[in-house]
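# Notes for the structure review
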Amino acid sequence: MPIPGNMLSAATESMDPTFTGWRVRLNCTLLSGTGGRNGPKCLSVKSTAAGEVQAETVTMYSVTAGQTYQVFADSSSANEVERIGLEWLTSLGSPVGSILWSLPTATASSSWHRVGVAGVAPAGASRVRIVLSSTAAGAGVSHYWENVYLGLPIRTTGNLLSFATETPEIDTSAWTAGANTTVSRQVPMMSWSVDWYLAGAHVLALTATGAGTTSATTLENPAVTPGIEYLAYAYLAPPTTGSNCWIELRFFNGAGTQLSATRGSLAPAGTGFHRQRVSAPAPAGAATCRLAVGMDSASAAQVLRVEQAVVQVAPAVQAGSVLLYADASFEQGVAGWTKTAGVATIARSTPWGDAALDGSYSLTVTSSTATASTIRSARFPLPSGTGGLGFRLQYSETVAAGGWTLTRGVRWYDAADADLGLTALAAAAAPGPGWWTLFADLTAPAAATQAAVELTLTATSTSSVINLDKVALWQSLPLTTVAASADTGSVRLTLRELTVGDLIKVWRVTEDGARTLVRGPSGLFDGTGVVTSDLMVIDDYEAPLATPVYYRVEMTSPGGSLAIRNSSWATIPHPDINVAWLKDPSAPQRNLLVMVKQAPNWSRPVEQGVYRVAGRRNAVVLSDVRGGLEGELVIWTRSNEERRNLHWLLDPGRVLLWQAAPGMGVDDLYVSVGAISENRVGGPATESWREWSLPLSEVDMPTTFGVGGSAGRTWQDILTEFASWEAVRDTYATWEHVLLDQRRE
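### A closer look at the overall build of the protein
Per the secondary structure count, the protein includes seven helices and 52 strands. Across its three principal directions, the C-alpha atoms of the protein cover 100 × 80 × 60 Å. When burial is assessed residue by residue, the protein has 47% of its 745 residues classed as buried. Put simply, 73% of the contacts in the protein that link residues at least 6 apart link residues at least 24 apart. About 31900 Å² of surface is accessible on the protein, with carbon and sulfur atoms providing 53% of the total. Across the protein, 51 positive and 63 negative side-chain charges occur, with their mean positions spaced 2 Å apart.

Here it is, written out as structure tokens:
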């Protein structure tokens, strides 16, 4: 799959079917290599003689001076290090300054590894070319390239930190070194997944100048909201498995005084990169935050490497869960969990990645005797007004040693912190082997406003060990709900408690049993899309008006098992038969309700050949299949706003969906609109009504495109990426372009 946002063509990116987008620049010949990872082919750059070898893109790509651009590629060579560069050019192809080079990789490697760099296009630059470079020891030495990207910086969606802080592809100026530390950049040989674009070239290197603590802190201090939980993470590569490396989330008030600091220490399984997480709610009075990384008890010259620094609003391990992330995932310790009875001990699992479902750690419970122990989480507030309602408890477990029986429940509290008692299921044996997810449906007392998860774990043998992860407690809601809206002419389908990783197919079903696939952000939900969240909200703007429909959802697990859900019925109200919808399936924000003056008088053209045979009365007619409906729809717009919105709907020239009220003799039609006419309806010049003639041609339902959206982007991303609203206006033509992240060329 092409890299999203790549300015390069698919062939220039992947070298498939060949390398036509590249040419010789210096001391080499180009060949089509095999063994690529983004397709079967790669680019082989073979040296003509000893010395530097360079290849470059044939095309000069358009850039905007002052904008940051990123380039990266995957490279392979058993004998040579390499670098990649951006050559800034004028519109005529003349160089503007020197080439922006990445640092050379630290070592050569025949494994595919990432090289890259980013920088700001200088004044006078309007074009750019990619340059690939290596230094050969002699003639006939091959260097391999593949999976090349050029475009705007790829950053983590929702990150409060800018691209310059998230990764040191530009430089290290977004970080400040603490005592006993120097900060620099390195390019270690890192083999990341072919479709992992957020890390892997330059990394931040913290070098201890002497024995003691080495650390660095972000200079950015993004705004936070008190009471909101934030999650920070970064990849850390320790110098040894015994190194005490950490990441710390710090909160500050408006005067810059530090209010709190929460640390997540890495328990490394090796000296490679490990993603370490830490989370905490912003305390009262907090206005900003910063991220710090470091290493305690370092020896002189030891190096801690850091990559992909992120601070974002903490996700729930299950939609609606009341538990904080730290208490649900155990990434920085046991959080608010305590042992209230028994001999068992609780601790975060170790080392990194040894036992986990969410993140890299879990809660390890160890019992030295075959007895019962009780553990309890901290208390968490319940959603307002949910006392007396049903809740669902969920957690995952794996038995690491011995055996266990489990009692799962919730202890409830009222607003005065009074204990309202425990609601629990009967004890049951912990299933195994492997990870199992367990549930309990429980009802809160009417006065309950707080809850704590309480588990009684009884070891069935000495030295028993069990790991727990992904603990969640949320109000029980229907797994599938539908809600119809007359204002938007749509049905909202909400799916809860989905399994991440399943393939999903969604059908709309009418009373006659006819099924139609529903459109999603990447096209139709046809069973090829992957579930990425346990909660999914689907807005179906193509559902028929005033017609009962329900939805059939089919989910296929990676193992091939099929789960089916059917929703209840829903009907979109359409009280006024004189109006109809004109909808853009890919851009529902443009959909418009219009008044119909006259429905089309339809024709159905056909391609025919008529042949008159001498001596024969009847002609021989050869006919193709008769075409779809064609006719002219006449509508009114009743205000200047409607008139502007109709132009907005029609401007892109895309396939539209016309929906009239049932009983008007017109089925829902996907149509292409020809040359339109807009006429005044008479009266004074200030009259706002207009009469429109829209020539319609029936077309098939479009299947290849999805519903355009923000793909997870929020206003926080806009605030992080742009220094001012003037910069936003300079980058985007309209608010719709802001929503879709469609920047000016």
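Read on, since the account is not over.
### With respect to the packing of aromatic side chains
Tallying each qualifying case throughout the model produces 15 aromatic pairs. Judged by centre distance (4.9 Å) and plane angle (70°), the rings of Tyr 550 and Trp 569 are edge-to-face. Of the two residues, Tyr 550 is situated in strand S42 (residues 549-556) and Trp 569 in the loop between strand S43 (562-566) and strand S44 (579-583); the sequence distance between them amounts to 19 residues. For Tyr 550, a relative accessible area of 21% translates into the label partly exposed.

### A few points about the nonpolar core
Counting residues in each nonpolar core, the largest one holds 41 residues, and the members touching the most others are Trp 412, Leu 468 and Leu 473. The element contributing the most residues to this core is strand S33 (residues 464-475), with six residues. Within the second largest apolar cluster, 33 residues are counted, among which are Leu 204, Tyr 230, Val 278 and Ala 298.

### Quick word on unusual backbone geometry
Here the amide bond leading from Asp 16 into Pro 17 is cis, since omega sits at 5°, within 30 degrees of zero. Within the secondary structure, Pro 17 is located in the loop between helix H1 (10-14) and strand S1 (22-26). In this structure, the amide linkage connecting Gly 432 to the following residue, Pro 433, adopts the cis form with an omega of 0°. One can find Pro 433 in the loop between strand S30 (428-429) and strand S31 (436-443). One non-glycine residue, Met 15, lies in positive phi territory at about 65°. If you trace the backbone, Met 15 turns up in the loop between H1 and S1.

### Regarding the pairing of strand S50 (residues 669-673)
Both strand S49 (residues 656-659) and S50 contribute to a ladder of three bridges, which runs antiparallel. Residue Leu 656 lies in a different strand from S50, and its bridge partner there is Val 671. As paired strands, S50 and strand S52 (residues 690-698) are joined by three bridges and run antiparallel to one another. Paired with Val 671 across the bridge in S52 is Glu 698.

### Topic: a nonpolar patch on the surface
Nonpolar side chains collect at one region of the surface, where Trp 715, Leu 719, Trp 725 and Trp 735 lie side by side and expose about 530 Å² of accessible area between them. Among the secondary structure elements, Trp 735 is positioned in helix H7 (residues 735-740). Overall, the relative accessible area of 59% leaves Trp 735 in the exposed class.

Rules used throughout
Residues numbered from 1 in each chain as written. Predicted model: local features only at pLDDT ≥ 70, side-chain atom pairs only at ≥ 80, totals over all residues. Heavy atoms only, no water. Helix = DSSP H or I, 4+ residues; strand = E, 2+ residues; numbered from the N terminus. Buried < 20%, exposed > 50% of the residue type's maximum accessible area, 1.4 Å probe, protein only. Contact = heavy atoms within 4.5 Å. Areas by Shrake-Rupley, 256 points an atom, 1.4 Å probe, with all protein chains shown as cover. Lys, Arg positive; Asp, Glu negative; His and termini not counted. Charge placed at Lys NZ, Arg CZ, Asp CG, Glu CD. Phe/Tyr/Trp six-rings, centres within 6.5 Å; stacked < 30°, edge-to-face > 60°. Core = buried A, V, L, I, M, F, W, Y, C linked by side-chain atoms within 4.5 Å. Pairing = 2+ DSSP bridges. Patch = residues over 30% accessible without salt bridge, like charges linked within 9 Å, V, L, I, M, F, W, Y side chains within 5 Å. Salt bridge = Lys/Arg side-chain N within 4 Å of Asp/Glu carboxyl O.

By themselves these figures say nothing about function.
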